[in-house]
Structures are given as structure tokens and as C-alpha cells.
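Architecture at a glance
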Amino acid sequence: MHEGLHRALAGALLLALLPACGGGGDRVSFFNTEEWAVLRTLSPLPAVPADPTNEFSEDAAAGDLGRKYYFDPRFSGPLVDPANAVPPGGNGAVGTVGTISCSRCHNPATGFTDRRSVPGNTSLGAGFTGRHAPTIYNVAYNTWFFWDGRKDSLWSQALGPTMSPVEHNGNRAQFAMVIRDHYKAEHEAVFGPLPATVAALDSILLFPTPPVPPDFPAQGRPGDSLDPLAGGFPAYDGLTAQEKRDVDTVFVHFGKAIAAYERRVLSTNSAFDRYVAGNEDAIPTAAKRGLKLFFGKAKCSTCHSGPNLTDGKFHSIGVSQSGPSIPAGDDGRMNGIPTVVADVFNGKGAFSADAMAGAAKLAGLGSTPDPAQQGKFKTPTLRSIGETGPYMHTGAIASLLEVVAFYNRGGDPGGFSGTNELAPLGLSFAEMQDLVAFLETLEGEELPASVTAPPVLPP
Ligand code: HEC
Ligand code: HEC
């Protein structure tokens, strides 16, 4: 109501000003009524949707704690790739522990993405990842997580990179010990007392001659029994069912806290939003022309739809698998579906706060790879897109103009699995520049330091 009134008033004011503006024809709304109806599907960004599977998602103390977990490199294991020894992108000498945090690859200072990675390469954690790190902006609006959607909640997503041998290369038993040793009071204030197993982990898991420094005392990943890094001693797999369950509970709480923090990482109130709200001058004319192309001739909004500028679905747009750390083949969503269905940390599992809601979301997904999904990747948000390059799941494209040129030629000629859905667009160079001008208006307002600044970590 208020918005409509505002827009009507702004319109009346502009009309009154027109004669004095001479040739300022574009000051009369650039878009007709039907076009405005389309624009209102793209803005404003609504409130962050609820996550029924995470009972702590709206808990302020959980979010504050999650921010610390997000920035704390103590939740990580030994570096494995020798590239790590090379500054400034490297994280330290091979074998060094405690250098990788979420913020290393999703850095608030660079659009919650990883600018250490040169275009055409991926992110360097303990090793190189096989895909490019996407931004965390507006991630809480997503339905599926990762490029292939192999996670169904933000909290479950957060557990993935920590155990990945090329990211944190951590282990969940060690995480429980870091929480016990550095975060006990804060963690217990949110999640209740740590299970007794956690207090006893040293005696359960410590082996006589620790092969890695003492601050990384135990191997605790499933499948880590007789891990060579643990000197051949049984670790997580050697725990009893109850002990595993206790360690997993602490691990899940770690993920749920991080998810509560990530819900604050928002890109909103951009110049584009101010324009749709009625400020005719919020974006330049070139951007208005680009916006018209976005939902018109260039067809971007068929996939980049809704206020977060994504349909939340999976498509193949013909991005070739090229780059130093990119695997030769990547089937994307085809493997993502059976993975999320089988995940013990999915929304219908024992750690979900609402297994019914979680099961409803997973209903209809098969447990075997579906060739129809081959080579499809999740449509990413375009909010704050000027900040979050390099682009695509391979990180191969350096600039927005090159992204638009990529779409204009209908994708790469080959080098990807599945069937490319794109066709060439026939845009002129001027039209391509206009599209870029529009994309640049999607920069969100600055976030408070309470979200972006590294917090003080407990000793
Ligand atoms: C070594 C770099 C690295 C580290 C460290 C890292 N990530 Fe990521 N992150 C990635 C990459 C690469 C992907 C995409 C992987 C894929 O899709 O297969 C990703 C994907 C994500 C996504 C999915 C976004 C989306 O739109 O689906 C989220 C959320 C995320 N990471 C959060 C985290 C959190 C939380 C942590 C810390 C617990 C973390 N990441 C640690 C590199 C990293
Ligand atoms: C058929 C669906 C579809 C259409 C149409 C489409 N996109 Fe995309 N877009 C995607 C998908 C899927 C990805 C990720 C692909 C990948 O990495 O393999 C993507 C990636 C992007 C990226 C990189 C985002 C990032 O964070 O890496 C940008 C920018 C982008 N699209 C802009 C556009 C523009 C501009 C148009 C119109 C010219 C457009 N898209 C049309 C589905 C689409």
C-alpha cells in the first residue's frame, strides 16, 4: 500500500518535471504495466525462509557462536597439497594443521567467495577443490546446496567441507574436542551439556605416538579406522554406536550454529531493488535497457527468476570442464540426488528437527543416478554478482562481460557431460554491455561488521 502510493507520487512528480527536462524521455517509466508485473517478481527480497529441520536457525546465540565457528581455523586438519607452501594463496607447509576456516574460501572481504583462486582454477584448502567456491550471500534462500544439490539443508551442508580431504580435512571427533576445549560454556549455553563421551575422547581415541601434532590428536572420520595418519590405530570406526552418536550430535550442533550465522549473510536493498520500489533514478538507463533484455531477448530470467534471481533448479548451460584442478568429467545433479537421499545428515534423518518436513522435501528423489540430470548444475543467485567472481562451477569465467558473451554464443562447444539447454542469443555488443550494467545494479547494501568482521575467538 505504502509502496504503491510512493510509486504513484513519484510518477506524478516525474510527469510534472518532464517539460523542464527537455529530452529526458526515459524519465517516464521505462517499463509498461506488464513489464512492471515481471519486475515485481524479482524484487524485493522477502524475509529468509524458515528451516524446520534446524531448531536453532533463529536462535541469536547460536548465530553468534556459528560466526566464530565459521572463522575458526582450529576446525581443520593437515594440509596435503604442496601448492599450499606458496604464498599468498597457500595456507602453509604440507602437514600443518589448523589453518583452514570457512572464511578462507568464503571470505566476507571478497563477496563471501575466494579471490585467492585465479580465474580458471578452484579453491585451495588442504588441497584443491574440484569445483569453484560459490558465494554465501543469500544462501539461506536456497532449497538445495552445493552446485549439484547434494545437501538439503544449510546445517548439513556445513558438515561437508569440514570432512573433505581437500577442504578442512578435519575430523568430527577432533571438532568435538576443539569445542570442549575452547567453546564449552558458549556451546553448552545454546545446545545443552556436551555428552560425557566428549569429555573422555582423549582416552578413547589417543594413540601412544601421535603422528601429527598434539593439537590434532585424533582421527575421527567414518572410514578412518586404521587411518595411516592415526598411526594405524582405530579411531571413529572403533567407537561404540552411542559414542558415535554423541560425537555426531556435537558435530551437527556445529553445523546448525554455522547455518544460523549464514542466515545473516544477505545481499539485499540493491540499486535494482530501490528502482523497483519506485526510485526511477536508482539505476542508469543502460541498466534499464539491460533489465529489459534480462527478462526479454536474453531470456536470463527463465532460470534466474524470483527475488533471489534463481529458480533453485538444475540446468546444463554447457560449461566445459577445463582448468588445472577441474576433473575431466562432472555429472553434477545426476550424482547429487542419490547422495542427498543417502546422507545420514539429511532432513529426514535422525538429526533433523522435523523429519516429516525433511522427508516431504526429499520425496520423489531416486536413490540411483538419473541420466536426465547429467551435467546439470544449480542456478546461482545473481545478487551481488559483481563481487563474487570468477564465475561458474569451474570458476573459468573472469568477468561479467565474458559471462554474457558466453551466453551470447550459447555456451561452450563441448567438454561437458549432458545436454546444453542454451541457444545463441544474437545480442549486439552494446546490448551485452547493457546486460552487464544491469547485473552491476544487483550489489547489495553493505552488511554490518557484526556479520562480516572476523570475531574475537576464544583462546
Ligand atoms: C577449501 C575451500 C572451502 C572451504 C574451506 C569451505 N568451502 Fe564451502 N564451498 C567450497 C566449494 C569449492 C564449494 C562448491 C563445492 C561443490 O558444489 O561441490 C562450496 C560450497 C559451499 C556452500 C554451498 C553454496 C550453495 O549455493 O549451494 C556453502 C553454503 C558453503 N560452501 C559453506 C561453507 C562453510 C560453512 C564452510 C566451513 C564449515 C565452508 N564452506 C568451507 C569451498 C570451500
Ligand atoms: C537455462 C538456465 C539459465 C539461463 C537461461 C541463464 N542462466 Fe545463468 N546460470 C545458470 C546456471 C545453471 C549457472 C551455473 C552453471 C555452471 O556453473 O555450470 C549459471 C551461472 C550464471 C552466472 C555465474 C554465477 C556464479 O556465481 O558463478 C551468471 C553471472 C549468470 N548465470 C548470468 C546469466 C545471464 C546474464 C543470463 C542471460 C543472458 C543467464 N545467466 C541465463 C542457468 C541459466
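For the structure itself, consult the block above.
This report concerns the structure included in the present document. (Residues numbered from 1 in each chain as written. Chains lettered and ligands numbered in written order. Predicted model: local features only at pLDDT ≥ 70, side-chain atom pairs only at ≥ 80, totals over all residues. Heavy atoms only, no water.)

**Concerning the site of ligand 1**
Let me state the cut-off plainly: Working definition: residue near molecule or strand if any one of its non-hydrogen atoms lies within 4 Å of it. Polar contact is defined as a pair of N or O atoms within 3.5 Å, subject to the rule that within protein one atom must be able to donate a hydrogen and the other to accept it, and that residues adjacent in sequence are counted only when both atoms are side-chain atoms. Helix and strand assignments follow DSSP, with helices taken as H or I runs no shorter than four residues and strands as E runs no shorter than two, numbered in order from the N terminus. Amino acid classes used here: Ala, Val, Leu, Ile, Met, Phe, Trp, Tyr, Cys and Pro are nonpolar; Asp, Glu, Lys and Arg are charged; the rest, including Gly, are polar.
In the region of ligand 1, 29 residues are neighbours, and C102, C105, H106, F146 and K378 sit closest. R150 places a side-chain nitrogen or oxygen 2.9 Å from an oxygen atom of ligand 1. The set of elements that each furnish at least two residues to the shell around ligand 1 consists of α4 (102-105), α5 (154-163) and α10 (241-262). By residue number, the principal contributor to the shell around ligand 1 is α5, which donates five residues. Partitioning the shell around ligand 1 into residue classes produces 14 nonpolar, 10 polar and five charged.

**Details of the nonpolar core**
Our working rule: To define a nonpolar core, start from buried Ala, Val, Leu, Ile, Met, Phe, Trp, Tyr and Cys residues and group those joined through side-chain atoms within 4.5 Å. Three labels apply to residues, based on accessible area from a 1.4 Å probe with only protein chains included: buried if under 20% of the type maximum, exposed if over 50%, partly exposed otherwise in between.
If you look at the biggest cluster of nonpolar residues, it comprises 48 residues, and the most contacted ones within it are Y69, Y70, F75, F112, I179 and F254. Here this core takes 10 residues from α10, the largest share from any one element. Judged by nonpolar contacts, the second largest core, of 38 residues, contains F31, L42, I385 and M432.

**Digging into the coordination of the iron atom of ligand 2**
Inclusion rule: Any nitrogen, oxygen or sulfur atom within 2.8 Å of a metal ion counts as a donor, with the limit raised to 3.2 Å for Na, K and Ca, and since water is left out, coordination shells can look unfinished. A site with four donors is called tetrahedral when every donor-metal-donor angle falls between 85 and 135 degrees; four donors are called square planar, and six octahedral, when opposite donors sit more than 155 degrees apart and all other angles fall between 65 and 115; any other arrangement is irregular.
The iron atom of ligand 2 binds to the protein through H304 (NE2) and Y407 (OH), with metal-donor distances spanning 1.8 to 2.1 Å. Around the iron atom of ligand 2, the six donor atoms are arranged such that angles at the metal cover 85 to 179°; this shape is classified as octahedral. Of this pair, H304 sits in the loop between α12 (285-295) and β1 (314-315) while Y407 sits in helix α15 (residues 400-408); the two residues are 103 residues apart in sequence, bridging distant segments of the chain. Exposure remark for H304: the relative accessible area of 9% places this residue in the buried category. What makes Y407 partly exposed here is its relative accessible area of 23%.

**Digging into the pattern of salt bridges**
The criterion, for reference: Within this document, salt bridges are pairs made up of a side-chain nitrogen of Lys or Arg and a carboxyl oxygen of Asp or Glu, the two lying within 4 Å of each other.
Scanning the model with the defined rule gives 19 salt bridges in all. The salt bridge involving R263 is made with E58; its shortest N-O contact spans 2.5 Å. Placement of R263 in the loop between α10 and α11 (271-276) and of E58 in the loop between α2 (33-39) and α3 (60-71) is noted, with a sequence separation of 205 residues between them. Owing to a relative accessible area of 60%, E58 belongs among the exposed residues under this scheme. Among the charged side chains, a salt-bridge network with shared partners connects R131, D148, R150 and D330.

**Quick word on the coordination of the iron atom of ligand 1**
What the protein offers the iron atom of ligand 1 as a donor is a single atom, H106 (NE2), at 2.0 Å. Summarising the element assignment, H106 is placed in the loop between α4 and α5.

**Some points on the packing of aromatic side chains**
The following threshold applies: Aromatic pairs are defined between Phe, Tyr and Trp rings, using the six-membered ring for Trp, whenever the two ring centres lie within 6.5 Å; interplanar angles under 30 degrees are classed as stacked, those over 60 as edge-to-face, and all others as tilted.
Under the counting rule described, the total for this entry stands at 23 aromatic pairs. Ring centres of F31 and F295 lie 5.9 Å apart, and the angle between their planes is 45°; this geometry places the pair in the tilted category. Taken together, the residues F31 in the loop between α1 (2-21) and α2 and F295 in helix α12 connect sequence positions 264 residues apart. For F31, a relative accessible area of 5% corresponds to the buried category. An aromatic cluster is present here, built from Y69, F75, F175, Y183, F251, F254, F345 and F351 joined pairwise through their rings.

**Concerning unusual backbone geometry**
Cis geometry marks the peptide bond from P87 to P88; its omega dihedral reads 0°. Within the element layout of this structure, P88 appears in the loop between α3 and α4. Here the bond from G389 into P390 is cis, since omega is -5°, no more than 30 degrees from zero. In this fold, P390 is placed in the loop between β2 (377-378) and α15. For F112, which is not glycine, the phi torsion reads 55° and is therefore positive. On the secondary structure map, F112 appears in the loop between α4 and α5. For K299, which is not a glycine, the phi torsion comes out positive at approximately 60°. By relative accessible area, which is 51% here, K299 ends up exposed.

**Notes on the site of ligand 2**
For ligand 2, the set of nearby residues contains 24 residues, the closest of which are C300, C303, H304, H393 and Y407. H304 places a polar side-chain atom, nitrogen or oxygen, 2.8 Å from a nitrogen atom of ligand 2. In the model, an oxygen atom of ligand 2 is placed 2.6 Å from a nitrogen or oxygen of the H393 main chain. Elements represented by at least two residues in the shell around ligand 2 include exactly β2 and α15. With three residues, α15 is the largest single contributor of residues to the shell around ligand 2. Residue composition of the shell around ligand 2, grouped by class: 16 nonpolar, five polar and three charged.

**So, the packing of α3 against helix α7 (residues 184-191)**
Spelled out, the test is: For helices, the fitted axis covers only the stretch in contact; all axes are lines through C-alpha atoms, and the angles between them, taken along N-to-C directions, range from 0 to 180 degrees. What makes a crossing left-handed is the near helix being turned counterclockwise from the far one by less than a right angle; a clockwise turn instead makes it right-handed. The contact criterion used throughout is that any non-hydrogen atoms of two residues lie within 4.5 Å.
Packing of α3 against α7 leaves a shortest axis separation of 9 Å and a crossing angle of 140°. As α3 packs across α7, the resulting crossing turns out to be left-handed. Where α3 abuts α7, its residues A61, A62, L65, K68 and Y69 lie against E186, H187, V190 and F191. Classifying every residue of the contact of α3 with α7 by side-chain character gives six nonpolar, one polar and two charged.

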